[in-house]
Amino acid sequence: MYRFLLTPRWWGINVFVLLAIPFCIFMGSWQLSRFEARVQDHRAAGEQAAAARTEAARPLARLLPVSTETSGKQATATGRYGKQLLVPGRELDGERGFYVLTLLRVDGGKALPVVRGWLPGAADPAKAPAAPTGEVTVTGALQASESPGANGVTAAGGLPAGQTGAISSASLVNLVPYEVYDAWITLAKADSGMRAVPATEPQGTGLDLKAFQNLGYTGEWFVFAGFVVFMWFRLLRREAEFARDAELGLVPDHDEEDATVTEATTHAEATAESDAEATAESDATARAGAADAPQDADNIPVR
């Protein structure tokens, strides 16, 4: 009954199934490993941030460039405050406000962006306290440059003068006349009544939308594998039932069906030909009868 499995058609189906199932399982396992790696990175970033708050601050130069290992570490730098900017549209504890960002000119003239604190409401230079004068030493959590459109950072342009949407060297280099570090720090203790801005996790280490997309793709690939198996069994069952019915004579096999169709076609052609001959004979008889009938004076046949 299962001899049909040896036909070329079923060889192709079986080869496809044998290749598709391992591929789907491999892709699902790979997506699951990606999700687990993101969970592990998120856990490690949380532990690192907690440990960084208790570690002693280190000089800025020893922590650069910023990486996932140094992000969130306490850094210290000495210099003089320069230009001050506002970063609008930033939330803290569910409340909307803005950051007060001041450039710290360190040795050599290079500037380090320092978030001195957060204030509620719309960004207003009159609300922002002036930066301390003279030489200062700051301590805060080291952060990587922000990317517009990521982690709530606005990508909108056209901000008023004295404001920036993202804290990054690429954005600030167009707003200040000196070179800017590709990093920034947020003070552990905010200045002048402002609220301190907590450090954020490095990009790519949180349980963001991409992490849950990996989890969703995991489910999809395993569903695909199950669907392939389901369809294979369904085709096998239907083919086996058809073969069994053919053996029991409940349905004609393909040869018998072809013979039946040929016989029916031949019969239909013979019937049509017979009908055509009968019609032609009837017409001939009618014409002959009309020719033999007597004619009246008006040349009208008398019947």
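This one's a predicted model, so the numbers in the text were calculated from it and none came from an experiment.

Conventions adopted
- Residues numbered from 1 in each chain as written.
- Predicted model: local features only at pLDDT ≥ 70, side-chain atom pairs only at ≥ 80, totals over all residues.
- Heavy atoms only, no water.
- Helix = DSSP H or I, 4+ residues; strand = E, 2+ residues; numbered from the N terminus.
- Buried < 20%, exposed > 50% of the residue type's maximum accessible area, 1.4 Å probe, protein only.
- Contact = heavy atoms within 4.5 Å.
- Areas by Shrake-Rupley, 256 points an atom, 1.4 Å probe, with all protein chains shown as cover.
- Core = buried A, V, L, I, M, F, W, Y, C linked by side-chain atoms within 4.5 Å.
- Phe/Tyr/Trp six-rings, centres within 6.5 Å; stacked < 30°, edge-to-face > 60°.
- Lys NZ or Arg CZ within 6 Å of the ring centre and 35° of its normal.
- Salt bridge = Lys/Arg side-chain N within 4 Å of Asp/Glu carboxyl O.
- Pairing = 2+ DSSP bridges.

Here we take up the overall build of the protein chain. On a plain count of helices and strands, the protein chain comes out with four helices and six strands. Each helix and strand of the protein chain, placed in order from N terminus to C terminus, yields the pattern α-β-β-β-β-β-α-β-α-α. Here the protein chain holds 303 residues, and the buried ones make up 31% of them. When contacts within the protein chain are restricted to residue pairs at least 6 apart in sequence, long-range pairs at least 24 apart make up 65% of them. Surface accessibility of the protein chain: about 18,700 Å² in total, with carbon and sulfur atoms responsible for 58%.

Looking at soluble globular proteins, one finds that nonpolar side chains tend to be buried together. Core analysis: the biggest nonpolar cluster contains 17 residues, and Leu104, Val114, Val138 and Leu142 have the highest contact counts within it. The next biggest cluster of nonpolar side chains, apart from the first, holds 16 residues, and it includes Val87, Ala111, Ile167 and Val180.

It is worth spelling out the environment of Gly72 at this point. Looking at where Gly72 falls in the secondary structure, it is placed in the loop between β1 (58-59) and β2 (74-92). Remark: the alpha-carbon pair of Gly72 and Leu142, spanning 70 residues in sequence, is separated by 5.0 Å.

Our focus in this paragraph is the packing of aromatic side chains. Taken as a whole, this structure holds five aromatic pairs when the rule is applied. Seen from their ring centres, Phe35 and Phe212 are 6.1 Å apart, and the 55° between their planes marks the pair as tilted. Taken together, the residues span a long stretch of sequence, with Phe35 in helix α1 (residues 8-52) and Phe212 in helix α3 (residues 209-247) at a distance of 177 residues. Given a relative accessible area of 15%, Phe35 falls into the buried group. Judged by its relative accessible area of 46%, Phe212 falls in the partly exposed class. Taken together, the ring pairs in this structure connect Trp10, Trp232 and Phe233 into an aromatic cluster. Seen from the ring of Tyr178, Arg105 lies directly overhead, with NZ or CZ sitting 4.0 Å from the centre. Sitting above the plane of the Tyr181 ring, Lys110 keeps its charged end 4.5 Å from the centroid.

The next point concerns unusual backbone geometry. Omega for the peptide link from Leu64 to Pro65 comes to -5°, which places this bond in the cis form. Among the structural elements, Pro65 can be located in the loop between β1 and β2. Non-glycine residue Asp93 carries a positive phi angle of around 55°. Tracing the sequence through the fold places Asp93 in the loop between β2 and β3 (95-106).

Glancing now at the environment of Phe16. With respect to the secondary-structure elements, Phe16 resides in helix α1. Accessibility expressed as a relative area gives 55% for Phe16, which makes it exposed. C-alpha of Phe16 to C-alpha of Val228: the two residues are 212 residues apart in sequence and 9.3 Å apart in space.

The next subject is the pattern of salt bridges. Counted according to the given criterion, the structure contains eight salt bridges. Notably, a salt bridge pairs Arg195 with Asp93, separated by 2.6 Å at the nearest N-O pair. Of this pair, Arg195 sits in the loop between β6 (183-187) and α3 while Asp93 sits in the loop between β2 and β3, and the two are 102 residues apart along the sequence. Residue Arg195 is classed as partly exposed on the basis of its relative accessible area, which comes to 32%. Between Arg237 and Glu241 there is a salt bridge; the shortest N-O distance is 3.3 Å. A residue pair is termed a helical-turn pair when its members lie 3 or 4 positions apart in one helix, as Arg237 and Glu241 do in helix α3 at four residues. Look at the salt bridges and you will find they share partners, linking Asp93, Glu95 and Arg195 into a network.

Let us look at the pairing of β2. Taken together, the two bridges between β1 and β2 define a ladder with parallel strand orientation. Bridge pairing links Arg58 to Ala75 in β2. Of the strand pairs in this sheet, β2 and strand β5 (residues 135-144) are connected by seven bridges, and their pairing is antiparallel. In the strand pairing of β5, Gly79 is matched with Val136. Sheet topology note: the β2/β3 ladder contains 11 bridges and is antiparallel. Looking at β3, one finds that Pro88 is bridged to Phe98. A loop of two residues connects β2 with β3, the two strands running antiparallel in sequence, and Asp93 in this loop sits at a positive phi of about 55°.

Residue placement: Ser169 occurs in helix α2 (residues 169-172). Overall, the relative accessible area of 18% leaves Ser169 in the buried class.

The next point concerns the pairing of strand β4 (residues 111-120). In terms of burial, β4 is a largely internal element, nine of the 10 residues being buried. Hairpin connection of β3 to β4: four residues between the antiparallel strands, including Gly108 at a positive phi of 95°. Pairing between β4 and β6: two bridges, direction parallel. Paired with Val114 across the bridge in β6 is Ile185.

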